[in-house]
Every structure is written in structure tokens, then in C-alpha cells.
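What the coordinates show
For reference, the chains in residue letters:
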Amino acid sequence: MKTKLLIALLLAIGLATACSEMVSHPMDMSQALENAASKADHEALAKHYEDAARDMQLKADEHKKLLSHYEAKGYLYGKRALDLQSHCRGLVNAYEKAAQENLEMAKLHRQL
């Protein structure tokens, strides 16, 4: 009986942890944008956007490597190879677009 209770408790904790909200930004962006008044505030926002762009570009580069692997060794993945390639292409495009948008936001804040 105690073993079943322990297993149920561990599963509940695992589920709660998996479903918990992950913070994507280290700061509250809406609050930071509303309160940005000085040059230093805008400089901090620009740095944040540049850091985010760098992270997005690193993820895009990682998926480019995976894509080239899936294209070169697609035979290892059988029918899933095309799905994996398509998935990686989509992620590369999304991450590169996000990186570009973050760089544009950084540029905008540097001008303020």
C-alpha cells in the first residue's frame, strides 16, 4: 500500500513539474518596456534583445546541423527522415526570424 502511494506521489510531483510554467524572459518585458525612460533603460532592453537574438541564432545553427545530418543520413530514419528534415527546416526558419526580430528591436531601442 505504501509503495503504491509513493509511486502515485512521485508521478504527481513529476506531472506538476512538467506542467509548470517556464519563464522565457529573465525580466518582465511588459513592465520593462513601460518603465523605459532613460538611455540606460533602453540600453538594457537593447542588450536583452541582442542576447535573445544570439540565443535564437545558436538554436537555428544547432538545427541546421541536425538538418544536414538528416539529409546526409536519412536512410537511418526510414520514413521519418522527411518529417525530421521538414521539422528542422521549420525550426531554422522560426529561430532565424525570431533572431532578426530581436535584432530589430535592439536597434530600435539603441536609437531611443
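Please refer to the structure higher up on the page.
Now for a description of the structure that goes with this document. (Residues numbered from 1 in each chain as written. Predicted model: local features only at pLDDT ≥ 70, side-chain atom pairs only at ≥ 80, totals over all residues. Heavy atoms only, no water.)

Turning to the pattern of salt bridges, a few remarks are in order. Counted according to the given criterion, the structure contains six salt bridges. Ionic pairing is found between arginine 54 and aspartate 51, a salt bridge with its closest N-O pair at 3.0 Å. Taken as a pair, arginine 54 and aspartate 51 lie in helix 3 (residues 39-72) at a separation of three residues, close to a single helical turn. Overall, the relative accessible area of 24% leaves aspartate 51 in the partly exposed class. Among the ionic pairs, lysine 64 bridges to glutamate 96, the shortest N-O distance being 2.7 Å. (Salt bridge = Lys/Arg side-chain N within 4 Å of Asp/Glu carboxyl O. Helix = DSSP H or I, 4+ residues; strand = E, 2+ residues; numbered from the N terminus. Buried < 20%, exposed > 50% of the residue type's maximum accessible area, 1.4 Å probe, protein only.)

So, on to the nonpolar core. Grouped together as the largest cluster of nonpolar side chains are six residues: Met29, Ala36, Leu45, Ala46, Tyr49 and Ala106. Per element, the largest residue contribution to this core is three residues, and it comes from helix 3. Grouped together as the second largest cluster of nonpolar side chains are five residues, Ala53, Met56, Ala60 and Tyr95 included. (Core = buried A, V, L, I, M, F, W, Y, C linked by side-chain atoms within 4.5 Å.)

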